[in-house]
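# Secondary and tertiary structure notes
As a plain string of letters, each chain reads:
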Amino acid sequence: AQSVAQPEDQVNVAEGNPLTVKCTYSVSGNPYLFWYVQYPNRGLQFLLKYITGDNLVKGSYGFEAEFNKSQTSFHLKKPSALVSDSALYFCAAPFYNQGGKLIFGQGTELSVKP
Amino acid sequence: EAGVAQSPRYKIIEKRQSVAFWCNPISGHATLYWYQQILGQGPKLLIQFQNNGVVDDSQLPKDRFSAERLKGVDSTLKIQPAKLEDSAVYLCASSPEPRGRGETQYFGPGTRLLVL
């Protein structure tokens, strides 16, 4: 079965330190992968996506993600965390044998402390 | 460019009542999605429209949920009658005409439903 998993419910980071939010996937064919962020009482905001090409994808707000085919991972990273990065992060992949709907991971709560 | 609009933002109803949510996608976007997000979980697709046709409604509880997208623009999602387990955030998203598999879905702010 195709799936997206985020193994950590919560990640705690000190401001200024690098952050990583993990995502692994199980899809058929070449994967397309997305990261979204959700602030309290807000909808999901698109951060970045991997389609093909360079394994390091740069996105909004200084975030980047590294696609690793051998480890079936697509971890979200930022070199220096900000308190304002505190939010809920979702990894997702579209399944086009099911009409293109996004399948989401369960989400990771990122908390950045001053 | 205006984003995806949704209303209302919040709704509180009693079980067995009915409720309707409205979504206006980004102008020109052919595909519209309704997702249900239960607290502590990732969003789950309820229904997907391509223009005014249904592409996927396999996860829609059709005995109580219905959705329409008249004229291929705005959409309405209805629940009748509501159950306690319908308490969730209902997210609307839209994306451009699909040319492959990489089209980004853009989400509205969501409607938070509480069923008492």
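First, a word on scope: everything that follows refers to the structure included in this document. On a predicted model such as this, the values are computed, not experimentally measured, just so you know. (Residues numbered from 1 in each chain as written. Chains lettered and ligands numbered in written order. Predicted model: local features only at pLDDT ≥ 70, side-chain atom pairs only at ≥ 80, totals over all residues. Heavy atoms only, no water.)

## Re the pairing of strand β2 (residues 10–14) of chain A
Residue and element names in this part refer to chain A. Only one face of β2 is buried: it carries V11 and V13, and the other face, with Q10, N12 and A14, is open. With five bridges connecting them, β2 and strand β12 (residues 108–113) associate as parallel partners. Bridge pairing in β12 links V11 to L110. (Buried < 20%, exposed > 50% of the residue type's maximum accessible area, 1.4 Å probe, protein only. Helix = DSSP H or I, 4+ residues; strand = E, 2+ residues; numbered from the N terminus. Pairing = 2+ DSSP bridges.)

## As for the packing of aromatic side chains
Any pair of aromatic rings gets described here by the distance separating the centres and the angle formed by the planes. Per the counting criterion, the structure on display carries 17 aromatic pairs over all chains. Ring centres of Y36(A) and F107(B) lie 5.3 Å apart, and the angle between their planes is 80 degrees; this geometry places the pair in the edge-to-face category. Taken together, the residues Y36(A) in strand β5 (residues 33–38) and F107(B) in strand β10 (residues 106–107) connect one chain to another. Among the aromatic residues, those joined into a ring-pair cluster are F34(A), Y36(A), F46(A), F90(A), F104(A), Y33(B), Y35(B), Y106(B) and F107(B). (Phe/Tyr/Trp six-rings, centres within 6.5 Å; stacked < 30°, edge-to-face > 60°.)

## Some thoughts on the state of the cysteines
What the rule picks out here adds up to two disulfides over all chains. Between the sulfur atoms of C23(A) and its disulfide mate C91(A) the distance is 2.0 Å. When the S-S torsion is -65 degrees, as for the bridge of C23(A) with C91(A), the disulfide is left-handed. Taken together, the positions of C23(A) in the loop between β3 (19–21) and β4 (24–26) and C91(A) in strand β10 (residues 87–95) put the pair 68 residues apart, joining distant regions of the chain. For C23(A), a relative accessible area of 0% gives the class buried. Note on C91(A): relative accessible area 0%, which makes it buried. Between the sulfur of C23(B) and that of C92(B) lies a disulfide, 1.9 Å long from S to S. Around the S-S axis, the bridge from C23(B) to C92(B) shows a dihedral of about -70 degrees and counts as left-handed. Of the two residues, C23(B) sits in strand β3 (residues 19–24) while C92(B) sits in strand β9 (residues 88–95), which places them 69 residues apart along the sequence. (Disulfide = S-S within 2.5 Å.)

## Describing the interface of chain B and chain A
Each partner contributes residues to the interface: chain B has 26 residues there, and chain A has 24 residues. Here K101(A) makes a salt bridge to D56(B), at a shortest N to O gap of 3.9 Å. On the surface where chain B and chain A come into contact, there are five residue pairs in polar contact (both at pLDDT 80 or more). When contributions to the side of chain B that touches chain A are tallied by element, the ones reaching two or more residues are β4 (31–37), β5 (44–50) and β6 (53–56) of chain B. (Contact = heavy atoms within 4.5 Å. Salt bridge = Lys/Arg side-chain N within 4 Å of Asp/Glu carboxyl O. Polar contact = N/O pair within 3.5 Å; in protein donor to acceptor, adjacent residues only side chain to side chain.)

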